[in-house]
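# Coordinate analysis (summary)
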Amino acid sequence: MLKKEIVRLLTGFRQFKEKFYAGDDSVYSKLQNGVQAPKTLIIGCSDSRVDPAILSSSGPGELFVVRNVANLVPPFDPDGGRHGVSAAIEFAVVNLKVENVIVLGHSQCGGIRALLNPENTMAGGFLQQWVKIAEPAKTRAIALASSDDSVPLWRLCEHESIRTSLENLRSFPFVAEAIETRGLTLLGIYFDIEKGELLEFNDKTESFTPISL
Ligand SMILES: [Zn+2]
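The numbering scheme is per chain: residues are counted from 1 as the chain's sequence reads. Totals for whole chains, interfaces and linings use all residues, but because this is a predicted model, local features are given only for residues with pLDDT of at least 70 and pairs of side-chain atoms are given and counted only at 80 or more. Heavy atoms from the whole structure form the basis of all side-chain values; hydrogens and water molecules are not counted.

Bringing the domain arrangement of the protein chain into the picture now. You'll often see interface size given as the accessible area lost when the parts meet. Per the domain assignment, the segments making up the protein chain are domain 1 (1-35) and domain 2 (38-210). Relative placement of domain 1 and domain 2: their C-alpha centres are 30 Å apart. Boundary definitions for the domains trace back to an automatic or database domain assignment.

Right under this line is the structure:
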C-alpha cells in the first residue's frame, strides 16, 4: 500500500492533469512536439518554501529553473568536470536564448547557515564543499556586519551570496556575450519569507530594495 504522502502527490498529479490536459486547446497541447520557449531562467534554492513557479504563479513552459542549495552559481570553470548548474545555464542561454536570468535568494536559507556554521554540517561532506562557492559573500558579509550590526549576519550573507552568483554568471563567456549582443538581463531578487516581500538588488546603490507591486 502506498504511503499517505505518496497518495497525496498522486492526487495532486490528477488535479494537474485535469487543469493542463483538458480539451483540444489545453496548455500541454501547445507544449508538445519538443517545443519549449521559456523567457526566463531562474536559479533558486532547493528550499521547499521557495519554488519559483509557485512564487510567480507561472504555468508549464514559462520558466526554466535550476535549483540547488543556496541558489549558487559556480564560477566559469571549463575543467571537464560534471558541472550540472553550468550545463543548465548554458542550455538556457545558448540553446533556449532566454531573455532574463534571475538569481532568487531567500531568508532563513539553510545553505547560508551551513556556510556560516560549517560545524553543524557533515565533516568533509558535499554540503560544506558546495557552499564554499559563496565564500566571497561570507567574507563581505562579515565585514559589513562588523561596521553595522542592525542587519543580522545571516541576512547580509544571503544578500551577498546573490551578488556572488551574479558575478559568477558574468564570468561565463556566453552569458557576457548575450548581455552584450542581445540584451540578456541579469537580476538578483531576495524573497523575505517572514514579510512575504520581494527585494531587488540595485547595481547602482549596491543594496537590496523592496519591489513595490
Ligand atoms: Zn535556501
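Now for the coordination of the zinc ion. Protein coordination at the zinc ion: the donors are Cys45 (SG), His106 (NE2) and Cys109 (SG), at 2.0 to 2.3 Å from the metal. Any nitrogen, oxygen or sulfur atom within 2.8 Å of a metal ion counts as a donor, with the limit raised to 3.2 Å for Na, K and Ca, and since water is left out, coordination shells can look unfinished. For the zinc ion, all donor residues lie on one chain, and their spacing in sequence is C-x60-H-x2-C. Accessibility assignment for this pair places His106 and Cys109 in one class, buried. Relative accessibility decides the category of a residue: with a 1.4 Å probe and only protein chains considered, values under 20% of the type maximum give buried, values over 50% give exposed, and everything between is partly exposed.

With that settled, the discussion passes to the packing of helix H4 (residues 84-95) against helix H9 (residues 173-182). Running from amino to carboxyl end, H4 crosses H9 at an angle of 25 degrees, the nearest separation of the two axes being 10 Å. Comparing their axes, H9 and H4 come out roughly parallel. Taken as a pair, H4 and H9 cross one another with a handedness that is left-handed. Taking contact as the criterion, the partners of Ile89, Glu90, Val93 and Val94 in H4 are, on H9, Phe174, Val175, Ala178 and Arg182. To get an axis, fit a line to the C-alpha atoms, keeping to the stretch in contact for a helix; angles then go from 0 to 180 degrees between the N-to-C directions. Numbering of helices and strands starts at the N terminus; helices are DSSP runs of H or I of at least 4 residues and strands are runs of E of at least 2. Here the word oblique covers every angle except those under 35 degrees (roughly parallel), over 145 (roughly antiparallel) and from 65 to 115 (roughly perpendicular). Less than a right angle of anticlockwise turn of the near helix away from the far helix marks a crossing as left-handed, whereas a clockwise turn marks it as right-handed. Residues count as neighbours in contact if any of their non-hydrogen atoms are within 4.5 Å of one another.

Take the pairing of strand E2 (residues 63-68) next. Of the two faces of E2, the one holding Phe64, Val66 and Asn68 is buried and the one holding Leu63, Val65 and Arg67 is not buried anywhere. Pairing of strand E1 (residues 40-45) with E2 involves six bridges; the strand directions are parallel. Counterpart to Gly44 in the pairing with E2 is Arg67. Any two strands are treated as partners once DSSP identifies two or more bridges connecting them.

Turning our attention to a nonpolar patch on the surface. Only residues whose relative accessible area exceeds 30% and that take part in no salt bridge are eligible for patches, with like-charged residues grouped when within 9 Å of each other and nonpolar side chains (Val, Leu, Ile, Met, Phe, Trp, Tyr) grouped when within 5 Å. Reported accessibility uses the Shrake-Rupley method at a 1.4 Å probe radius. Residues are deemed covered only where the shown protein chains occlude them. Salt bridge, as used here, is a side-chain nitrogen of Lys or Arg placed within 4 Å of a carboxyl oxygen of Asp or Glu. A contiguous nonpolar patch, built from Leu2, Ile6, Val7, Leu9 and Leu10 and spanning about 420 Å² of accessible area, is present on the exposed surface. Assignment of secondary structure puts Ile6 in helix H1 (residues 4-20). The exposure class of Ile6 is partly exposed, given its relative accessible area of 34%.

In space, the six strands of this open sheet follow the order E2-E1-E3-E4-E5-E6, with mixed pairing throughout. The open sheet is flanked by E2 and strand E6 (207-210), the only strands paired with a single partner. This sheet shows a mean twist of 25 degrees between the axes of neighbouring strands, independent of strand direction. In this sheet, strand E4 (residues 185-192) lies alongside strand E3 (residues 100-106) in parallel orientation, the contact comprising seven bridges. By the bridge assignment, Val101 is partnered in E4 with Leu186. Contacts from H4 reach E1, E2 and E3 within the one sheet, and its direction differs from that of E2 by about 170 degrees.

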